[in-house]
Structures are given as structure tokens and as C-alpha cells.
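# Results of the structural survey
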Protein chains: 2
Amino acid sequence: MTDGLDPRELGTYFALMEAVGVLQHHVEQQLRAEGGISYVQFQLLARLADADGPLTMTQLADGVVYSRSGLTYQAGLLEKAGLITRGSFAQDERATLVSITDEGRALVGQVLPGHVQVTRRLLFDSLSDDDLQHLGAIMTRVRDHARAQPPRSAAPRKRRAAADAAADAAPDSPE
Amino acid sequence: MTDGLDPRELGTYFALMEAVGVLQHHVEQQLRAEGGISYVQFQLLARLADADGPLTMTQLADGVVYSRSGLTYQAGLLEKAGLITRGSFAQDERATLVSITDEGRALVGQVLPGHVQVTRRLLFDSLSDDDLQHLGAIMTRVRDHARAQPPRSAAPRKRRAAADAAADAAPDSPE
DNA sequence: ACGAAGTGCTTCGAATTCGAAGCACATAAT
DNA sequence: ATTATGTGCTTCGAATTCGAAGCACTTCGT
């Protein structure tokens, strides 16, 4: 079953993925309950609040969503909620400049203490000072390395998905 | 802006979340391309392949999806694709026992080498032996601690607070 | 034995995600 | 200048997620 990953690697991998999953889920709950926003929306607002001025859609999306359309969707929601504004960029008419509104800043401020509390309770409370140092160094390295990797398009011969083939063979579709 | 998290904590937190996000995205691409399955589906199949016998839906869901309905949906897809089977459990007629089929095992075997390759390229190649040790220890601790925290959706159903039950008994009570 | 409460799973609707295709503007090549 | 190619964003459809509500069976309390 492990086929190339020794048990230590396998355990580390699964623990990492699941720990982040649980953390994300808890964070999501807190943000929804206290601010009515998702984690993605929080990230976008936080980025804008941290930035010095407006950002383009692409800059804003970077590292938060993995499709452009996803950002368009979220920006639409945030704009409708009055948390951001979208304007054009004189230097490049294609681009859209996104700014955070005072309401947006206020919401971030309202939600942040609870957010910090959750991350503290679920993540930092389990970490010694040394752990924190190490984890920060490791994950920064991993992130930077992973982001530099090619977007994985060199997929070998694309086999037909098993689920699709089976769906054809089984005409008793529920919808 | 940081309001309770020092910059080191903040940087670690963001690096962690984003690194896992990127890793997950790459893994998803590989699994979709080489096996036609999602990461969630792979996790479910891997769990079943690792287990000694069939698992109940709840056991299978644990740590993979955060809602029971999510598992029902995925189990439906996997069953239709012939990768798992669902049967009843004589000891408890409510429960559903899920088993992996030979096809399911074959698919896991087909997909695993590429999966290992991606995790190696994106994660383990950036880690020294010491890093791996540390990361494993840290994330195992964080995961176990986080999983023990209250709001877990795949966990036992939320118990009604005594106050709620009392409100039911006296429906004309003011709020 | 009987009803209340709990547990396991499914159904349903709403929200969110992505990728592909499309549109508008920008830049490069000739 | 004109055309080709590239870039930024949006629209669209399909897939997947969750939570609430519901159904069926089980267990508990009396």
C-alpha cells in the first residue's frame, strides 16, 4: 500500500493534511458565526486591509483561489455586501482594481479576535516556541517551492475516468 | 492588523495554510488526470484498502468529510463506479457497511505511484530528515488536539442544551 | 411493553468551487 | 497599420460541499 513512501512520511503527510483540514473547518465556523463570511472572503479582505492600496483581481487571487472565476464570484459577493469596491485601472483598461471599504475594514476588525482565538486554541497552543520556529521555516520553504512548480500539465495519456465509464454502463441514473 | 498574533505566528499560520492548499491542488490534479477521482475519493478508497474489513459510513467519513451527507454523495459515486459496495450490517440495521472492490483496489494501485511522486516533489523534497521528524510530531499533536475540540461535524450528533428542551416544554415562553 | 430520545444514513436545497469558453484590451511581430 | 498573440476578467455549466430536515432502526426509561 505505501509503495514508495515509508511509514514516517505517510503518517506525516496524512497528519498534515488532516490537521489543516480540521483547523480550516473550525476557522470557517467561527468566521461564519461572527462575521457571516467564509474563510476565502476573510483572506481576501485581510489581504486588502494589509495592502497599501488597491489590488488587481489577479494579485488578490494569488494564493487564495485557484481559478479566476472563483475570485470573480467572491468579489461579486463582497461588492454586493459593501465590503469592497471595484474600479478600473487607467494604466490598463483590462484590469480591475479592488479596494476595501471602511465597512470591510470594520468587519475584519470585528472578526479578527475570534479568529486569532481559534488559531491559538487549535494550533499555537499545541506548539512550543521551538515548534513554531521550525514549522514556520518548513512551511515557508514548502510553500515557496510548491508555488514554483509547473502547473502539472504534463499528464500522461489521459485514461477515461473510471466513474464515467461506469456511469455509461449503468443507465439507472438518479437524476 | 495582527491584533494578538505576533508576526512570527501570523507568517507561520499563513504559510501552513497556503502550502497545504497548493499541495492539495496539485494532488487533486494528479488524481483526476491519472485515475478520474478526487482527493476525497482517493482518501476513502485508501482507508478502505488499508482497513482489514468493511467500515461503516461513519467510520469511513471520520477525518475525511465534515458532513454525513458529503459521504453519502461520494459513496454513491464510488458505488456507481464499481469501486466500493454497500451492504447492511446484521448487528445494526441502521448501519451501512462499505467494502472496497477489486476494481477499487486496482484503481488505488494505479494512482498511488503518481500520488507519491507528487507529494515527494512538492513536500518531501523540501524536507530534511530532521524536518520530517519534527513536522510529523508537530502535526500529529495538532491534529489530535484539534480533533478533540468540540465542534466536529462528523462527530456524535450535537446534544440539545437543557435550556432548549425546556423551551419546547413551555412554547409560550418569551425570548 | 410502550413511548421518548438517540444514532446511522439519506434526501434536499443553497452555496461555492473549478475549468472552458468568451470578451475586451494590450503588446509584439511583420 | 494590421494581424497575431497574450493578458485580465467574466460568464456559464458541472461537480462537490455543507447543514437542516427526514426516515428507519435502536436503546433507554418507566
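Here's what I pulled together on the structure shown here. Computed from a predicted model, the values in this text were never measured in an experiment. (Residues numbered from 1 in each chain as written. Chains lettered and ligands numbered in written order. Predicted model: local features only at pLDDT ≥ 70, side-chain atom pairs only at ≥ 80, totals over all residues. Heavy atoms only, no water.)

For the rest of this paragraph, the subject is the nonpolar core. Ranked by internal contacts, the top residues of the largest apolar core, which has 99 residues, are Leu45(A), Met139(A), Leu45(B) and Met139(B). Not counting residues up to four positions away in its chain, the partners in contact with Met139(A) are Leu16(A), Ala15(B), Leu16(B), Ala19(B), Val20(B) and Leu135(B). (Core = buried A, V, L, I, M, F, W, Y, C linked by side-chain atoms within 4.5 Å. Buried < 20%, exposed > 50% of the residue type's maximum accessible area, 1.4 Å probe, protein only. Contact = heavy atoms within 4.5 Å.)

This brings us to the protein's contact with DNA strand C. Contacts to DNA strand C come from 25 residues, most closely from Ser69(A), Gln74(A), Met57(B), Thr58(B) and Arg94(B). Put simply, 55% of the atoms of DNA strand C that lie within 4 Å of the protein are in sugar or phosphate. Between Ser69(A) and DNA strand C, the recorded distance is 2.5 Å, taken from a side-chain N or O atom to a base oxygen. One nitrogen or oxygen atom from the main chain of Thr96(B) is found 2.9 Å from a phosphate oxygen belonging to DNA strand C. When residues in the surface near DNA strand C are grouped by element, the largest group, four residues, is from helix 4 (residues 68-80) of chain A. Residues that form the surface near DNA strand C fall into these classes: seven nonpolar, 10 polar and eight charged. (Near = heavy atom within 4 Å. Polar contact = N/O pair within 3.5 Å; in protein donor to acceptor, adjacent residues only side chain to side chain. Helix = DSSP H or I, 4+ residues; strand = E, 2+ residues; numbered from the N terminus. Nonpolar A, V, L, I, M, F, W, Y, C, P; charged D, E, K, R; others polar.)

Below, the discussion takes up the sheet that holds strand 3 (residues 92-100) of chain B. All names here are of chain B. As summarised here, the arrangement of the three strands in space is 1-3-2, forming an open sheet in which the pairing is antiparallel. Unpaired on one side and paired on the other, strand 1 (55-56) and strand 2 (84-89) mark the two borders of the sheet. Here two bridges tie strand 1 to strand 3, and the two strands are oriented antiparallel to one another. The residue bridging Thr56 from the neighbouring strand is Leu97, located in strand 3. Here helix 2 (residues 39-50) sits on the sheet and contacts strand 1, strand 2 and strand 3; the angle it forms with strand 3, its principal contact strand, is near 95°. (Pairing = 2+ DSSP bridges. Axes fitted to C-alpha atoms, helices over the stretch in contact; angles between N-to-C directions.)

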